[in-house]
Amino acid sequence: MKKLKAILIDDESSGLSALSEKLQRHCPQVEVLQLCNNPEDGINAINSLQPDLVFLDIEMPLMNGFVLLQQLQYKNFELIFVTAYDQYAIKAIRYSALDYLLKPVEVEELKVAVDKALEKKQIVQKGNPRLDLLLENLEVEKKKFKRIAIPERDGVQFVKVEDIIYLEASANYTQIHLTGGTKLTASRNLKEFEELLPSDTFIRIHHSFIININCVEKYIRGDGGQVVLSNKVVLDVAKRKKHEFLKAVGY
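Here the structure is a predicted model, which means the values were calculated and not measured.

Participant: Hey, could you run me through the overall build of the protein chain in this one?
Facilitator: Secondary structure assignment for the protein chain yields 8 helices and 15 strands. Along the first, second and third principal axes, the C-alpha set of the protein chain runs to 65 × 40 × 30 Å. With 251 residues in all, the protein chain has 48% of them scored as buried. For the protein chain, restricting intrachain contacts to residue pairs at least 6 apart in sequence, the fraction spanning at least 24 positions comes to 56%. Only carbon and sulfur atoms are counted for the fraction: they give 46% of the accessible area of the protein chain, which is about 13,000 Å². Treating the 34 positive side-chain charges of the protein chain as one cloud and the 35 negative ones as another, the clouds have centres 6 Å apart.

Next comes the structure, spelled out in structure tokens:
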């Protein structure tokens, strides 16, 4: 099996050493090319060595991980962020279907992240569109990301957030219904999307449904009631969600 050639970037030497050791002991599919404890060295290493995988700390002095990414010429690699905090950054990362690990890095989580990176790297593509989406999202106002990466079984689909009409739970997957009649099956559960999508636009009206309130055309009264959406689909509103829904639509 071909190994993933990796570069590790973190301003904390102890963190670099610990992560490198865990990769060597528990992830035989990874070959560590270089450890970089400052962003400038990281940029040079990525551009010259052209790795398959980069582990990148977000918070570093002088230049954080996102600024580093903007400086790169070579971007055809899988990316795993390593961070101690920064909830906004994590949300931007999740919107882009990129992976992250929280410090201190747990071995099992590391192994899962590496397996996912290996799987994604096997999809032939020029550059990394998920990385491009991350940089795009970081430039817009917080919580107003315009596009989201939807992980599917065979890759990633990029859609405009405003094109999502509603989301429907399907076991551990989610059916995403878009304008124009398109439907995607995402390999994330509905709870993950509830946490990820902006709460001023998307609301969970039922254990099985999240809707875009901008796509509501009509509300039909009842115990919980029903909503008619812009694609003419009629969905039940759970009784316990009725007040929250009516408040959200300004009724």
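Continuing now.
Participant: Any chance you could explain the state of the cysteines here in plain terms?
Facilitator: A disulfide bridge is the covalent bond that connects two cysteines by way of their sulfur atoms. If you walk through the whole model with that rule in mind, you get 0 disulfides. Its sulfur unpaired, Cys 27 is 19 Å from the next cysteine sulfur, which belongs to Cys 36. Its relative accessible area of 2% is what places Cys 27 among the buried residues.

Participant: Which parts of the structure should I look at to understand the nonpolar core?
Facilitator: It is characteristic of soluble globular proteins that their nonpolar side chains tend to be buried jointly. Leu 68, Leu 69, Phe 81, Leu 134 and Ile 148 are the most contacted members of the largest nonpolar core, which has 45 residues in total. Not counting chain neighbours up to four residues away, the residues in contact with Leu 69 comprise Leu 56, Lys 75, Phe 77, Leu 79, Phe 81, Leu 131, Leu 134 and Leu 135. Of all hydrophobic cores here, the second largest spans 19 residues; its members include Leu 4, Phe 55, Ala 113 and Val 114.

Participant: Help me understand the packing of aromatic side chains, please; the structure alone is not making it clear to me.
Facilitator: Overall, the coordinates contain 5 aromatic pairs when judged by the stated rule. Over the ring of Phe 193 we find Arg 188, and its NZ or CZ is 5.8 Å from the ring centre.

Participant: Any chance you could explain the environment of Leu 197 here in plain terms?
Facilitator: Along the chain, the position of Leu 197 falls in the loop between helix H7 (190–196) and strand S11 (202–206). For the pair Leu 197 and Ile 210, spaced 13 residues apart in sequence, the C-alpha separation works out to 9.7 Å. Those residues within four positions of Leu 197 in sequence are excluded, and the remaining contacts are Lys 91, Tyr 95, Ile 148, Val 161, Ile 164, Leu 167 and Phe 202.

Participant: Can you help me understand the pairing of strand S12 (residues 209–212) in this one?
Facilitator: A regular strand places its side chains so that they alternate between the two faces of the sheet. Side chains of S12 alternate between two faces, with Phe 209 and Ile 211 and Ile 210 and Asn 212 buried alike. Examined bridge by bridge, strand S8 (residues 164–170) and S12 share 3 bridges and lie antiparallel to one another. In the sheet register, Glu 168 faces S12, and the bridge partner there is Phe 209. Sheet topology places S11 next to S12; 4 bridges connect them, and they run antiparallel. In the strand pairing of S12, Ile 203 is matched with Ile 211. Taking the residues between adjacent antiparallel strands as the criterion, S11 and S12 are bridged by 2 residues.

Participant: Would you mind going over the sheet that holds S11 with me for this structure?
Facilitator: Across a sheet, paired strands are connected by hydrogen bonds in the backbone, their directions being either parallel or antiparallel. One open sheet holds the 5 strands; their spatial order is S10-S9-S8-S12-S11, and the pairing between them is antiparallel. Because the sheet does not close on itself, it has two edges, and the strands there are strand S10 (183–186) and S11. Strand-to-strand, the axes of this sheet are offset by a mean angle of 20°, without reference to chain direction. With 4 bridges connecting them, strand S9 (residues 173–178) and S10 associate as antiparallel partners. Looking at S10, one finds that Thr 174 is bridged to Ala 186.

Calculation criteria
Residues numbered from 1 in each chain as written. Predicted model: local features only at pLDDT ≥ 70, side-chain atom pairs only at ≥ 80, totals over all residues. Heavy atoms only, no water. Helix = DSSP H or I, 4+ residues; strand = E, 2+ residues; numbered from the N terminus. Buried < 20%, exposed > 50% of the residue type's maximum accessible area, 1.4 Å probe, protein only. Contact = heavy atoms within 4.5 Å. Areas by Shrake-Rupley, 256 points an atom, 1.4 Å probe, with all protein chains shown as cover. Lys, Arg positive; Asp, Glu negative; His and termini not counted. Charge placed at Lys NZ, Arg CZ, Asp CG, Glu CD. Disulfide = S-S within 2.5 Å. Core = buried A, V, L, I, M, F, W, Y, C linked by side-chain atoms within 4.5 Å. Phe/Tyr/Trp six-rings, centres within 6.5 Å; stacked < 30°, edge-to-face > 60°. Lys NZ or Arg CZ within 6 Å of the ring centre and 35° of its normal. Pairing = 2+ DSSP bridges. Axes fitted to C-alpha atoms, helices over the stretch in contact; angles between N-to-C directions.

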